[in-house]
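Take a look at the letters that make up each chain.
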Amino acid sequence: MRLLVATLAIVALLGTSCSKGVGGESAGGGGGGGGPGIPAPPGSAPQPSPSASPSPSPLPTAIAEDASSDVPPSGVLRIGKAGATLVSEPGAGPVGRLRAGVLVPFEAIEGEWARVETPCALSRWMRLDEAVRLASAQVVLDPGHGGGETGAVGPGGLQEKDVNLQVASRAARVLNGRGVPTVLTREQDYRATLAFRAAFAEVADSEVFVSIHHNADPDGPMERPGTETYYQYRSTESKRLAGLIHEETVDRLSGLSAEWVGDTDAGAKWRLNSRGTDYYGLLRLTAQAGVPSVLAELSFISNSAEEELLRREDVIDLEAQAVAGGVLRYLDTEDPGSGFSTPYPRRQPAGPGGGTSGCTDPD
């Protein structure tokens, strides 16, 4: 995990973006999209009634607590009801706190102490008896944004961070209910850095990482949902996962009546920076951990018609089922996915966010 944090620290630009600069999350490193001369990635294909806005505080996911007496050297902890005191080293005086319910990856054990990474990517120690240890997670779902980093905001004020959390929580329940251990990177509304999020992929012993987002700034109207799923450019497994989540999402949302919007290259696709590596920081960092990952922009919250859909509980459920369905097909079948698109060049850099500057841990 220290490698992930160190890698992120040398990235020049940290940001939150969708394909146009709002809605996804990246450690962007410049706005270099896939332009002429970039080789094709591996396996490229040819060319009901509204309800109140989703609550931003969903119930925790149902992943089991690990009751065994043997504590592995790394994993995920959920801070207990009394919160947890953070120290710089075992036995030292307090340097901070984390509130109840915060999830943290831990990377070392020393007696009754665990070394954790906080949401602001600080390395700290805490007592093991101030948290519960979660079982290993086959899948990590990452609700994008959080806290002061709201992500995209709809014309009616619906905030992306809240919708992301609702969809991720419900998708996790579906997967856990199907016997696929799944954990979120956050179960509450607080800011979390990209390094912190990516660390879950490394310590949770996961096979899949999906970052869930909602988009903004489309090119224009579309006849169907403008869903975009970004995959790791060099990974055929990440590409397959992106194609399956895209297929499931478009198929499920297409049954709704809406004036859809999207980009002209909507689909399952890649985006590169000026160095020829993945533009989105989460995709780069999780690739270093060897975990196939996808950044999914499920629909356009900036479109008033789609924002109204996202206020409906049934639509949140549809998106959650789409994410879970894509993950299950990835794990259980050899289905290739569909909707693959060759992206047009993008020069606009990611917006600010995802880094440590101004970050305050939830206490």
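Everything here concerns the structure above.
Keep in mind the model is a prediction, meaning the values are calculated, not measured.

### So, the sheet that holds strand S16 (residues 268-269)
Here comes step 1: Read across the sheet, six strands follow the order S11-S10-S12-S17-S14-S16 without closing on themselves; strand pairing throughout is mixed. Whereas interior strands pair on both sides, the edge strands pair on one side only; in this sheet they are strand S11 (182-184) and S16.
Here comes step 2: Pairing of strand S10 (residues 139-143) with S11, which is carried by three bridges, proceeds in the parallel orientation. Looking across to S11, one finds that Leu-141 is bridged to Leu-184.

### Some remarks on the pattern of salt bridges
Once the charged atoms of two side chains with opposite charge are near each other, the side chains can pair.
Here comes step 1: For the structure on display, the rule yields 20 salt bridges.
Here comes step 2: A salt bridge links Arg-191 to Glu-149; the nearest nitrogen and oxygen atoms lie 3.2 Å apart. One end of the pair, Arg-191, is in the loop between S11 and helix H3 (194-203); the other, Glu-149, is in the loop between S10 and helix H2 (160-177), and 42 residues separate them in sequence.
Here comes step 3: Here Arg-191 falls in the buried class, since its relative accessible area comes to 16%.
Here comes step 4: Residues Arg-329 and Glu-247 are paired through a salt bridge, measuring 2.8 Å at the closest nitrogen-oxygen approach. Highlighted residues: Arg-329 in helix H7 (residues 313-332) and Glu-247 in helix H4 (residues 236-253), separated in sequence by 82 residues. One exposure class covers both Arg-329 and Glu-247, and it is buried.
Here comes step 5: Residues participating in the shared-partner salt-bridge network are Glu-228, Asp-263, Asp-265, Lys-269 and Arg-346.

### Concerning unusual backbone geometry
Here comes step 1: Positioned with a positive phi, His-145 is a non-glycine residue whose angle comes to about 70°.
Here comes step 2: Following the sequence through the fold, His-145 ends up in the loop between S10 and H2.
Here comes step 3: One non-glycine residue, Asp-217, lies in the positive phi region at around 60°.

### Quick look at the packing of H3 against helix H5 (residues 281-288)
Here comes step 1: One way to put it is that H3 packs onto H5 with a least axis distance of 9 Å and a crossing angle of 35°. Along this stretch, H3 crosses H5, giving a crossing that reads as right-handed. In this structure, H3 uses Leu-194, Ala-195, Arg-197, Ala-198 and Ala-201 to contact H5, whose residues at the interface are Gly-281, Leu-282, Leu-285 and Thr-286.
Here comes step 2: Grouping the amino acids of the contact of H3 with H5 by side-chain chemistry returns six nonpolar, two polar and one charged.

### Topic: the state of the cysteines
Here comes step 1: Per the counting criterion, the structure on display carries one disulfide.
Here comes step 2: Sulfur-sulfur distance for the disulfide between Cys-120 and Cys-359 comes to 1.9 Å. A torsion of -80° about the S-S bond marks the disulfide between Cys-120 and Cys-359 as left-handed. In this pair, Cys-120 sits in the loop between strand S7 (113-117) and strand S8 (123-127) while Cys-359 sits in the segment after strand S18 (351-352), placing the two residues 239 residues apart along the sequence. Each member of the pair, Cys-120 as well as Cys-359, carries the same accessibility label: buried.

### So, the nonpolar core
Here comes step 1: Within the largest apolar cluster, 43 residues are counted, with the highest numbers of intra-cluster contacts made by Leu-141, Leu-175, Val-210 and Leu-241.
Here comes step 2: Where this core is concerned, the elements lending two or more residues are S10, H2, strand S12 (208-215), H4, strand S17 (293-300), helix H6 (304-310) and H7.
Here comes step 3: When residues in this core are grouped by element, the largest group, eight residues, is from H7.
Here comes step 4: Beyond its immediate chain neighbours, meaning those up to four positions away, Leu-175 contacts Val-139, Leu-141, Val-180, Thr-182, Ala-324, Val-327 and Leu-328.
Here comes step 5: Membership of the second largest hydrophobic core comes to 32 residues, among which are Ala-84, Leu-103, Phe-106 and Leu-285.

Cut-offs applied
- All residue numbers refer to position in the chain's written sequence, counted from 1.
- Only residues with pLDDT of at least 70 are given local features in this predicted model, and only at 80 or more are side-chain atom pairs given and counted; all residues enter the totals for whole chains, interfaces and linings.
- As a rule here, side-chain values come from all non-hydrogen atoms in the structure, and water together with hydrogens is ignored.
- Any two strands between which DSSP finds at least two bridges are classified as paired.
- By definition, any uninterrupted DSSP run of H or I lasting at least four residues is a helix, any uninterrupted run of E lasting at least two residues is a strand, and each is numbered from the N terminus.
- Any carboxyl oxygen of Asp or Glu that lies within 4 Å of a side-chain nitrogen of Lys or Arg is treated as forming a salt bridge with it.
- Each residue is placed in one exposure class: buried if its accessible area under a 1.4 Å probe, protein chains only, is under 20% of its type's maximum, exposed if it is over 50%, and partly exposed if it falls in between.
- Whenever a helix is involved, its axis is fitted only over the stretch in contact; in every case the axis is a line through C-alpha atoms, and angles between N-to-C directions fall within 0 to 180 degrees.
- A crossing counts as left-handed when the near helix is turned anticlockwise from the far one by less than a right angle, and as right-handed when that turn is clockwise.
- By the convention used here, residues are in contact when the closest approach between their heavy atoms is within 4.5 Å.
- Each residue is assigned to one class: nonpolar for Ala, Val, Leu, Ile, Met, Phe, Trp, Tyr, Cys and Pro, charged for Asp, Glu, Lys and Arg, and polar for all the others, Gly among them.
- Two cysteine sulfurs form a disulfide in these notes if their separation is within 2.5 Å.
- Here, nonpolar core refers to any group of buried Ala, Val, Leu, Ile, Met, Phe, Trp, Tyr and Cys residues whose side-chain atoms link them within 4.5 Å.

Just distances and angles here, no functional claims.
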